[in-house]
Amino acid sequence: MADLDTFRRETRAWLEANCPPEMRRPMTSDEDTFWGGRNAKFSSEPQRIWFERMRDKGWTVPHWPTEYGGGGLDGEEAKIVRQEMAAIGARAPITSFGISMLGPALLKYGTEAQKREHLPKITAGLIRWCQGYSEPNAGSDLASLQTRAESDGDDYIINGQKIWTSYANYADWIFCLVRTDPAAKKHDGISFILFDMTSKGVSTKPILLISGRSPFCETFFDNVRVPKANVVGTVNRGWDVAKYLLQHERAMISGMGERGGSRPLGQVAADSIGSDAQGRLDDALLRADIATFDVDEAALAAAAERMVDLAKAGQGHPAFSSAMKYYGTELNKRRHELLMSSGGIDALEWESERSHEGARPRAWLRTKANSIEGGTSEVMLGIVAKRILDLPGA
Amino acid sequence: MPLLLTEEQSMLRDSARGLISDHAPVAHLRKLRDSRDETGFSRELWATFAEMGFAGLLVPEEHGGSGLGAVEAGVVMEEIGRTLMPSPFLATSVLSAAALTRAGSAAQKSEHLPKIASGKLLAALALDEGAKHRPLHTSLQAVRSGNGFRLNGAKAMVVDGHVADLLLVVARSAGAPGERNGLTLFLVDPKAKGVAIERTIMVDAHNAARISFDNVEVTADHVLGEVDGGAAVLGGVLDLGRGAVASEMVGLSEEVFGRTVAYLKERKQFGKAIGEFQALQHRAAHLYIEIEITRAAVLKALQALDSDPAGATAAVAVAKARAGATATRAVQEGVQMHGGMGMTDQFDIGFFMKRARVCEELLGDANYHAAQLAAMRGY
Ligand SMILES: Cc1cc2nc3c(=O)[nH]c(=O)nc-3n(C[C@H](O)[C@H](O)[C@H](O)COP(=O)(O)OP(=O)(O)OC[C@H]3O[C@@H](n4cnc5c(N)ncnc54)[C@H](O)[C@@H]3O)c2cc1C
Ligand SMILES: Cc1cc2nc3c(=O)[nH]c(=O)nc-3n(C[C@H](O)[C@H](O)[C@H](O)COP(=O)(O)OP(=O)(O)OC[C@H]3O[C@@H](n4cnc5c(N)ncnc54)[C@H](O)[C@@H]3O)c2cc1C
């Protein structure tokens, strides 16, 4: 306990000394996120300084082992780093599918050689990853995916199409689900494989979203040659790896609803709508909706904390991340509906400097994907019904 | 601190659960209701509660209690919620014990607390006057008279008021209804001249009373805490009570939910278990998630009440608001998914619905607490 107190004090002091003030403000645009990768660009000097200091400390991923560039912290210490970062509103130094998705799967299923090859480049932000799961005919029913990998000596030859591949056009590598045994039952013939996006035969085509941005792509594979050594886990058992990774993805997406350091919603609303003589938001029904939202948001934060503690105590349920994903994403959609309502007419502007190029409505529209990406809300409820409640036929 | 029960707290839960499920299943409440029992709870069982250290759970050890905290009180309340056991625990062991411990003089504490811990004294907090919980709107008057006070007014819902040996009465000694300043707590003998008690038979077959005070004389010795300064003590005591009622609602919600899921697996229509219909699966899954999130919020509040009572108010508002909304959903889905069976008195599920409605009103409903949170956050 005393050690943890010391650790907290030291962490606080280190962050205080090393986190530039600009990196403690809420993010306002996509530019504020640093993704890493071969073509990475820092949008500002403080962003570079902050990333490099955190990288050198091992704190891009505080709880990964130091030999892979992590901080080697245990669960309690990592929680303290998160808490202390949140306390000063520190931004994540890097956002990366390598950290939030691939890394945990590699740590569990990867060979030592695979870990040494890929993890240090993830913690150092050198390689940017994308996720090749969904296909035009395999969305919620992911296991019906058709992208084929055919054996050719020490390699596979991959053919097929992925869709909704976030940032495929910027990614350096892809972790991909492919069918290695077309004769087996649908869950039993899938493998989890890694390859370079510059490989011959890989091409991407951006898709425009309702938010007016193109964060994802159609991704095509035309006779792409990939060494068999790049399969993670056992051949034809890729579904296990895929599901394990999804648990982490869902935990990450459910956390996107957390407010972090930004101002309470009710105050944001009061800024534009005004308050009555008692200091109450001058829209009684909106105030009630925001208050109910605040209750649920605080409760969800407690549940997220408890989920981590349960997992640490070995009492967690592996499907619980689906429960959190469902609730967290639905809550985040509520938040943005309330933000739009709070902004009223001012929140409708789409193109202007004043509106940060329509940051608020674009963010609102983007949240609608939260309950689709990483598995839809309906799929999450189905998983809870089946795996936790054990309802028949679910 | 991890958001989990400690080993000791889990042991406490197991022993409370054992006792309560053995001696006070829902059938126990049903029997008390059907026989129109005069006390509305079992004195024998309360004696056992005392022997096991539950009656004096919050009473400091030097006064014969166990000296435990909010989390432990919540653990017991949750078990009470599972079987809807009518019990003096909330009024006597939580609200009254806490008020006496926090505000009592040395004499008041040594007179009453040991008796609470030994199960010999039942106490009740007389607070609410109107249709809704509005502590600061207290208008029951305390006017100085001689070296004491005279009380005039009426209380609308005093939990256990019909059996209490001691009433803790919240009165207005100064200021106007709605003001924080000017509240005083009094210890009143329910047999005192001018006190009239009417037992109210409530929808949930639990126990409460309407009590009127007509020129009731109390001496200065019977003031609990500071004259005019009652709001501060009351705030902390009510927060503790809210955490306790929220725990009861978590237990109640989980029990209704467990029974409902079991029914979904057992009841067959259209040639299959109704639990196979996705329309019901998704609603059940949603309800499960609501309950788990509420459980975390309630434990968070209870831990805050133990570690930082003054800073716990927001967490308590969140917990009580969530618990109310969740329990309301749980009992509605419970009845609905039981179809016609859910509507029968013979089936227990309706008892849960009735108790949830009462718990929702006790110490502030979901709207009250959400509005409190909004005020705390400055909008
Ligand atoms: C912004 C965004 C980013 C994404 N990024 C990636 C990525 O990087 N990599 C990747 O591989 N994929 C990505 N996806 C794809 C995402 O995982 C899929 O969109 C998702 O799994 C749903 O599949 P679908 O779009 O085919 O919808 P469908 O499966 O066709 O679903 C349509 C509707 O039917 C419902 N439905 C489907 N099955 C059932 C059922 N059994 N019971 C009840 N309802 C059902 C769904 O809930 C949904 O409401 C992304 C998606 C979005 C929106
Ligand atoms: C007050 C009252 C008065 C009544 N009066 C009469 C009367 O005068 N005459 C008479 O004949 N009957 C009467 N009924 C019976 C009433 O019509 C039935 O209760 C009703 O049809 C539901 O059937 P059940 O109770 O068997 O529930 P179940 O069919 O067992 O349903 C249980 C739950 O499962 C759900 N469910 C069932 N099938 C599906 C499905 N395929 N998909 C999704 N969900 C499903 C139901 O919606 C319900 O929530 C009365 C009932 C009540 C409560």
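Numbering of residues starts from 1 in every chain and runs along the sequence as written. For naming, the first written chain is A and the first written ligand is 1, with later ones following in the order written. The predicted nature of this model means local features are confined to residues of pLDDT at least 70 and side-chain atom pairs, given and counted, to a pLDDT of 80 or more, with totals for whole chains, interfaces and linings taken over all residues. Hydrogens and water are ignored here; the side-chain numbers use all heavy atoms of the structure.

(A) Looking closely at the overall build of chain A. Working definition: helices are DSSP H or I runs of at least four residues, strands are E runs of at least two. Numbering for both runs from the N terminus. A count of helical and extended segments in chain A gives 11 helices and 8 strands. For a compact globule the rule gives 2.2 Å times the number of residues to the power 0.38, and the radius of gyration it is set against comes from C-alpha atoms. Expected size for 394 residues packed as a compact globule is a radius of gyration near 21 Å; at 22 Å, chain A falls within 12% of this value. In terms of overall dimensions, chain A has C-alpha extents of about 75 × 45 × 45 Å along its principal axes. Each residue is assigned to one of three classes by its accessible area relative to the maximum for its type, calculated with a 1.4 Å probe on protein chains only: buried under 20%, partly exposed between the two thresholds, exposed over 50%. Taken across its 394 residues, chain A has 50% of its residues classed as buried. When checking whether two residues touch, look at their non-hydrogen atoms; a contact exists if any pair is within 4.5 Å. In chain A, of all internal contacts separated by at least 6 residues, the share reaching a separation of at least 24 is 70%.

(B) Highlighting the domain arrangement of chain B. Residues and elements named next belong to chain B. Domain boundaries shown here were taken from an automatic or database domain assignment. One can read the domain layout of chain B as domain 1 (7–121), domain 2 (125–228) and domain 3 (231–376). Put simply, the middle of domain 1 and the middle of domain 3, counted by C-alpha atoms, are 21 Å apart. Facing 22 residues of domain 1, the contacting portion of domain 3 comprises 31 residues. In what follows, salt bridge is the name for a side-chain nitrogen of Lys or Arg lying within 4 Å of a carboxyl oxygen of Asp or Glu. At the junction of domain 1 with domain 3, the criterion picks out 5 salt bridges. Here a polar contact is taken to be a pair of N or O atoms separated by no more than 3.5 Å, where protein atoms must pair a possible hydrogen donor with a possible acceptor and residues adjacent in sequence count only if both atoms sit in side chains. Counting across the domain 1 and domain 3 interface gives 8 residue pairs in polar contact (both at pLDDT 80 or more). Counting residues per element, the ones that place at least two in the side of domain 1 that touches domain 3 are α2 (26–34), α4 (70–83) and α5 (89–103). Element by element, the count of residues in the side of domain 1 that touches domain 3 is highest for α4, at 8 residues. Under this grouping Gly is polar, as are all residues other than the nonpolar Ala, Val, Leu, Ile, Met, Phe, Trp, Tyr, Cys and Pro and the charged Asp, Glu, Lys and Arg. Residues of the side of domain 1 that touches domain 3, tallied by class, amount to 13 nonpolar, 3 polar and 6 charged.

(C) Representation of the confidence of the model for chain B in the model. Values of pLDDT, the confidence the predictor places in each residue, fall between 0 and 100. Residues at a pLDDT of 70 or more form 100% of chain B, whose mean pLDDT is 97. Confidence estimates for the predicted assembly give a pTM of 0.94 and an ipTM of 0.96.

(D) Spotlight on the site of ligand 1. It suffices for a single heavy atom of a residue to lie within 4 Å of a molecule or strand for the residue to be listed as near it. Around ligand 1 sit 17 residues, and of these Ser134(A), Ser140(A), Trp164(A), Thr376(A) and Glu378(A) come closest. The environment of ligand 1 is shared, with nearby residues belonging to chains A and B. Considered on its own, ligand 1 offers 970 Å² of accessible surface; in the complex 68% of this is hidden by protein. Residue contributions to the shell around ligand 1 peak at 3 residues, all from strand β3 (residues 155–166) of chain A. Of the residues in the shell around ligand 1, the class split is 5 nonpolar, 9 polar and 3 charged. Only the protein chains shown count as cover for residues, and all accessible areas are computed by the Shrake-Rupley method using a 1.4 Å probe.

(E) Focus on the site of ligand 2. All names here are of chain B. The full set of residues close to ligand 2 is Arg267, Gln269, Phe270, Ile274, Phe277, Leu280, Gln336, Met337, Gly339, Gly340 and Met343. In the model, an oxygen atom of ligand 2 is placed 2.5 Å from a nitrogen or oxygen of the Arg267 side chain. For ligand 2, an oxygen atom lies 2.6 Å from a polar atom in the backbone of Gly340. Taking 970 Å² as the accessible area of ligand 2 by itself, protein coverage stands at 42%. When contributions to the shell around ligand 2 are tallied by element, the ones reaching two or more residues are α9 (313–337) and α10 (339–342).

(F) The environment of Lys155(B), seen in detail. Residue and element names in this part refer to chain B. Within the secondary structure layout, Lys155 lies in strand β3 (residues 148–159). Note on Lys155: relative accessible area 2%, which makes it buried. With 56 residues separating them in the primary sequence, Lys155 and Ile211 have C-alpha atoms 5.2 Å apart. The contacts of Lys155, once residues within four sequence positions are left out, are Ala126, Leu127, Asp128, Glu129, Thr138, Leu140, Val169, Val170, Ala209, Arg210, Ile211 and Phe213. Within the structure, Lys155 has its side chain in polar contact with the backbone oxygen of Leu127 (distance 2.8 Å).

(G) Looking closely at the environment of Glu117(A). Mapped onto the fold, Glu117(A) is located in helix α5 (residues 112–123). Between the C-alpha atoms of Glu117(A) and Tyr68(A), which are 49 residues apart in sequence, the distance is 9.1 Å.

(H) How the structure looks around the interface of chain A and chain B. With 40 residues of chain A at the contact, the number on the chain B side is 37 residues. Summed over both partners, the accessible surface that disappears when two parts come together, traced with a 1.4 Å probe, is what is meant by buried area. Summed over both partners, the interface of chain A with chain B buries about 3,300 Å², with 69% contributed by carbon and sulfur atoms. Summed over the three residues of chain A that lose the most area to chain B, namely Val295(A), Arg306(A) and Leu389(A), the buried surface amounts to 18% of that side. The tally of links between chain A and chain B comes to 3 salt bridges. Where chain A packs against chain B, one counts 14 residue pairs in polar contact (both at pLDDT 80 or more).

(I) Geometry of the domain arrangement of chain A. Residues and elements named next belong to chain A. When its domains are assigned, chain A resolves into domain 1 (2–95), domain 2 (129–236) and domain 3 (255–388). Here the C-alpha centroids of domain 2 and domain 3 sit 32 Å apart. Facing 6 residues of domain 2, the contacting portion of domain 3 comprises 7 residues. Roughly 530 Å² is buried in total at the junction of domain 2 and domain 3, and carbon and sulfur atoms are behind 61% of that figure. Remark: the boundary between domain 2 and domain 3 carries 0 salt bridges.

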